[in-house]
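# Secondary and tertiary structure notes
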Amino acid sequence: AASPRPCCSDALLRRARRLCAKLGIDHHVVDVEKEFNETVVRDFLDGYRAGRTPNPCILCNEKVKFPALARAADWLGCERIATGHYARLVSGGRGTPLLAAAFDGKKDQSYFLCRVPVKILRRTLFPLGEILKESVKSASARFGPGHEGQRESQDVSFLPDGNLRRFL
């Protein structure tokens, strides 16, 4: 069944599959919808009920997305994980990775990754962290129509129609 969430629509999955085929890499989908609903959406709703303004991206990255990526990488026999987040890692004391702001300060997402476990960060790459968004757009346009980049999400990505009031 198609997800009602704009972040994981059938159209985006088809687009990712086409791009992977064009690049000659395998495309795998990991279904974490149940875990996402039980962890992120529940916390989001509970937070609003309690008078807080939750940040679902931080919780998702910590508890759902990055652990799922690590499990998938292990299952596939991959040592490293790479994401499209605009963030960087720098070496801290004793080689501990520390999150750092992306070079493109307008797109920096390091804040949303602040609670990703260090054991997962150790194996993570952020290839967009040292490039400007405009360079990424130019590079993706070279793949032809349909690869120019998707609409940027600045809101809660799991709202079916972007309407927070209706969702609550």
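Residues numbered from 1 in each chain as written. Predicted model: local features only at pLDDT ≥ 70, side-chain atom pairs only at ≥ 80, totals over all residues. Heavy atoms only, no water.

We now examine the overall build of the protein chain. When helices and strands are tallied, the protein chain shows six helices and four strands. Secondary structure elements in the protein chain, listed N-terminal to C-terminal, are α-α-α-β-β-β-α-β-α-α. The buried share of the protein chain, taken over its 168 residues, is 31%. Across the protein chain, every contact between residues at least 6 apart in sequence was considered, and the portion connecting residues at least 24 apart equals 63%. On the protein chain, roughly 11,000 Å² of surface is accessible, and the fraction owed to carbon and sulfur atoms is 53%. (Helix = DSSP H or I, 4+ residues; strand = E, 2+ residues; numbered from the N terminus. Buried < 20%, exposed > 50% of the residue type's maximum accessible area, 1.4 Å probe, protein only. Contact = heavy atoms within 4.5 Å. Areas by Shrake-Rupley, 256 points an atom, 1.4 Å probe, with all protein chains shown as cover.)

Per the counting criterion, the structure on display carries seven salt bridges. Here E38 makes a salt bridge to K34, at a shortest N to O gap of 4.0 Å. Here E38 and its partner K34 are both found in helix α2 (residues 33-49), four residues apart, which amounts to about one turn of the helix. Close ionic contact of K137 with E134 constitutes a salt bridge, the shortest N to O distance being 3.8 Å. Within this pair, K137 and its partner E134 are both found in helix α5 (residues 133-141), separated by three residues, close to a single helical turn. Taking relative accessible area as the criterion, E134 reaches 53% and is therefore assigned exposed. Ionic contacts of the salt-bridge type, sharing partners, join the residues E62, K63 and R115 into one network. (Salt bridge = Lys/Arg side-chain N within 4 Å of Asp/Glu carboxyl O.)

In this model, the protein chain carries a mean pLDDT of 87, and residues with pLDDT of at least 70 account for 88%. Across the protein chain, the secondary-structure element scoring lowest on mean pLDDT is α5, at 81, and the one scoring highest is strand β4 (residues 124-125), at 97. (pLDDT = per-residue confidence, 0-100.)

Formed by F66, A70, A73, I81, A87, L113, V116, I120, L121 and F126, the largest nonpolar core amounts to ten residues. When contributions to this core are tallied by element, the ones reaching two or more residues are α3 (56-76) and α4 (118-121). With three residues, α3 is the single largest residue contributor to this core. Leaving out residues up to four positions away in the same chain, I120 has contacts with F66, P67, A70 and I81. (Core = buried A, V, L, I, M, F, W, Y, C linked by side-chain atoms within 4.5 Å.)

Attention now moves to the pairing of strand β2 (residues 87-91). Summarising the sheet, β2 and strand β3 (residues 97-101) pair through five bridges and their orientation is antiparallel. Paired with R88 across the two strands is A100, which belongs to β3. Hairpin connection from β2 to β3: five residues lie between these consecutive antiparallel strands, with R94 at a positive phi of about 55 degrees. (Pairing = 2+ DSSP bridges.)

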